[in-house]
Amino acid sequence: MDGVFWFGEVGFVVDPQAMASRFPDGVRVEQTSLDALLVEGDRLPPLGAAPVASWLLARLMFLTNERLGFEANDTLHHDGGGYYLNFIAFSKQMKPLAFFNVHGTSAGCQLWGQCDRNLSVEQLLMTFRDALLEEPTALMPCRLQSYDTDPPDLDRRRVRKLQPLGWNGEQFLGTQPRPA
């Protein structure tokens, strides 16, 4: 299957159609900081001032062989900016184990969704993190420009420089916002 990456007995694939999927008796995955999980894994390459979302994008482009639902060099328009990815986790027997979303921006990466009752939230989070960090420098060059379609101060932000995300083959793109 194109775009699938595995860690142990669990496969992950992006659903570019964003099909509404859920388990009738599933366990909710509360919004979780994917940045914190990845930093805790202690295997990220040096990012400089770039956000974790830039590394994550380049890593996922590599792992999925560019099957994220948009091009390696693209412009996206989303509420909140950045990129939204809908994942399905499944077993080697092709049984769905989890449906979850990843939202990556220069301000951070979040993950939320739902697990089958036979897979704990902790198992999902650690397996996904470990799959991403297995070869943290295996990346694909990419450049994503994104527009936030619903910024809180839209009238003042209509004309602004876009914040790129990705990796140009030598350095990670973009900068993290400075704390207020």
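An account of the accompanying structure is given in this report. Computed from a predicted model, the values in this text were never measured in an experiment. (Residues numbered from 1 in each chain as written. Predicted model: local features only at pLDDT ≥ 70, side-chain atom pairs only at ≥ 80, totals over all residues. Heavy atoms only, no water.)

1. Focus: the sheet that holds strand S1 (residues 5-7)
Within the open sheet, the six strands sit side by side as S1-S2-S5-S6-S7-S3. Their pairing is antiparallel. Of all strands in the sheet, those bounded by a partner on one side alone are S1 and strand S3 (27-33). Mean inter-strand twist for the sheet, computed between neighbouring axes without regard to direction, equals 20°. Sitting on the sheet, helix H2 (residues 52-63) touches S1, strand S5 (83-91), strand S6 (96-105) and strand S7 (108-115), and the angle it makes with S5 is about 50°. (Pairing = 2+ DSSP bridges. Helix = DSSP H or I, 4+ residues; strand = E, 2+ residues; numbered from the N terminus. Axes fitted to C-alpha atoms, helices over the stretch in contact; angles between N-to-C directions. Contact = heavy atoms within 4.5 Å.)

2. Things to note about the packing of aromatic side chains
In this structure the tally under the stated criterion is 11 aromatic pairs. Ring geometry for Phe12 versus Phe100: centroids 6.2 Å apart, planes at 80°, classification edge-to-face. Within this pair, whereas Phe12 is found in strand S2 (residues 10-14), its partner Phe100 is found in strand S6, the two being separated by 88 residues in sequence. Comparing Phe12 with Phe100, the two get one shared label, buried. An aromatic cluster of at least three residues, connected via ring pairs, comprises Phe5, Phe12, Phe87, Phe100 and Phe128. Its end group placed over the ring of Trp6, Lys92 keeps NZ or CZ at 5.4 Å from the ring centre. (Phe/Tyr/Trp six-rings, centres within 6.5 Å; stacked < 30°, edge-to-face > 60°. Buried < 20%, exposed > 50% of the residue type's maximum accessible area, 1.4 Å probe, protein only. Lys NZ or Arg CZ within 6 Å of the ring centre and 35° of its normal.)

3. With respect to the pattern of salt bridges
The final tally for this structure, using the stated rule, is five salt bridges. Where Asp2 meets Arg67, a salt bridge forms, and the shortest distance between an N and an O atom there is 3.1 Å. Of this pair, Asp2 sits in the segment before S1 while Arg67 sits in the loop between H2 and strand S4 (73-78), placing them 65 residues apart in sequence. The exposure class of Asp2 is exposed, given its relative accessible area of 55%. Between Glu30 and Arg28 there is a salt bridge, with its nearest N and O atoms 3.3 Å apart. When its relative accessible area of 49% is taken as the criterion, Glu30 is described as partly exposed. Judged by its relative accessible area of 61%, Arg28 is exposed. Connected via shared salt-bridge partners are Glu40, Arg129 and Asp130. (Salt bridge = Lys/Arg side-chain N within 4 Å of Asp/Glu carboxyl O.)

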